[in-house]
Amino acid sequence: MAAWWRGGDRARRRAAAKLPPGGVRRYLETASPDGSTPVSRLPLLAVDVETTGLDPRRDRVLAVGFVPVDGDRIVLGGAGSALVRSGVDGDDDGVGQSATVHGITDDDLAGGVSVEQALDLLFDALAGRVLLAHYSRIEIDFLGALCRRRYGVRPPLTAVDTLGLQRRLAGCAIDMDFTGDLHPEGLRLWGARERYGLPRYRAHDALVDAVACAELYLAQLAELGRRGACTLRDLRTA
């Protein structure tokens, strides 16, 4: 039974009742912030996944990383990450050529956790929070595909997308210190960070990228606040 729940808490609880105990069930049992939640009190979880490619139908998750953001504060004490073992998600193909991008090897994955353990870790941290990511479609699609294959459920994921925010900010760059150039490189995570003078870290590490996304969000939040964004709804439509 596969389903996508877009309804309220009652539908989430009904879906949760059909799942085994674990992080995905706890996530569904916990109400998510609604659109009127002030950004000053908005609980988010910056998430990054490293994968073997961009197609969740044939590529797989190799690593997850996350860090909580409470309002305008990054909570490093709540950060976490995990490598996902090879051969536990229906394939034994290993990392293949994708290792040249993220640097994760088959030997690294041998010491990783199962898909269930990775989902438990991530969705426990995500319970009661909004997902925050740079181009959140990757995280939403891959995590949804994992949950559907494992549990027959694709849980609803509300997201704030820093790439979308950057596109909108760059498109109305009046009174900002950078131009409205929408060149693709300027919209990538590291290009967007450069516009705010944020440092460049080692890319394609799930936890490092999650922290980098959280820092970018706080820089964007200051500008969005000056433009009148004060609730979750504003961030999703900014």
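These notes cover the structure that comes with them. None of these values were measured; they are calculated from a predicted model.

Reading the values: rules and limits
- Residues numbered from 1 in each chain as written.
- Predicted model: local features only at pLDDT ≥ 70, side-chain atom pairs only at ≥ 80, totals over all residues.
- Heavy atoms only, no water.
- Buried < 20%, exposed > 50% of the residue type's maximum accessible area, 1.4 Å probe, protein only.
- Helix = DSSP H or I, 4+ residues; strand = E, 2+ residues; numbered from the N terminus.
- Polar contact = N/O pair within 3.5 Å; in protein donor to acceptor, adjacent residues only side chain to side chain.
- Expected span 1.5 Å × (residues − 1).
- Contact = heavy atoms within 4.5 Å.
- Axes fitted to C-alpha atoms, helices over the stretch in contact; angles between N-to-C directions.
- Left-handed = near helix turned anticlockwise from the far one by under 90°.
- Core = buried A, V, L, I, M, F, W, Y, C linked by side-chain atoms within 4.5 Å.

**Quick word on helix H7 (residues 162–171)**
H7 sits mainly inside the fold: seven of its 10 residues count as buried. Every buried residue of H7 is accounted for by Thr162, Leu163, Gly164, Leu165, Gln166, Leu169 and Ala170. Structurally, the start of H7 carries an N-cap: the backbone nitrogen of Leu163 is 2.9 Å from a side-chain oxygen of Asp161.

**Some words on helix H6 (residues 136–151)**
The end-to-end C-alpha distance of H6, which contains 16 residues, comes to 22 Å, matching closely the 22 Å that a straight helix rising 1.5 Å per residue would cover. The complete set of buried residues in H6 reads Ser136, Ile138, Glu139, Ile140, Phe142, Leu143, Gly144, Ala145, Leu146 and Cys147. Here the buried face of H6 lies against helix H2 (23–29), strand S1 (43–51), strand S2 (61–70), helix H5 (115–126), strand S5 (130–133) and strand S6 (159–161). Looking at the residues trailing H6, positive phi occurs at Gly152, about 75 degrees.

**Here we look at the packing of H7 against helix H10 (residues 206–226)**
Where H7 contacts H10, the two axes come as close as 10 Å, and the packing angle between them is 35 degrees. The chirality of how H7 crosses H10 is left-handed. Residue-level contacts link Thr162, Leu165, Gln166 and Leu169 of H7 to Cys213, Leu216, Tyr217, Gln220, Glu223 and Leu224 of H10.

**With respect to the nonpolar core**
Formed by 31 residues in total, the largest nonpolar core has its most connected members in Leu28, Phe123, Leu131 and Leu157. Where this core is concerned, the elements lending two or more residues are helix H1 (9–17), H2, S1, S2, H5, S5 and H6. Within the second largest apolar cluster, 26 residues are counted, among which are Leu42, Ala46, Ala192 and Val211.

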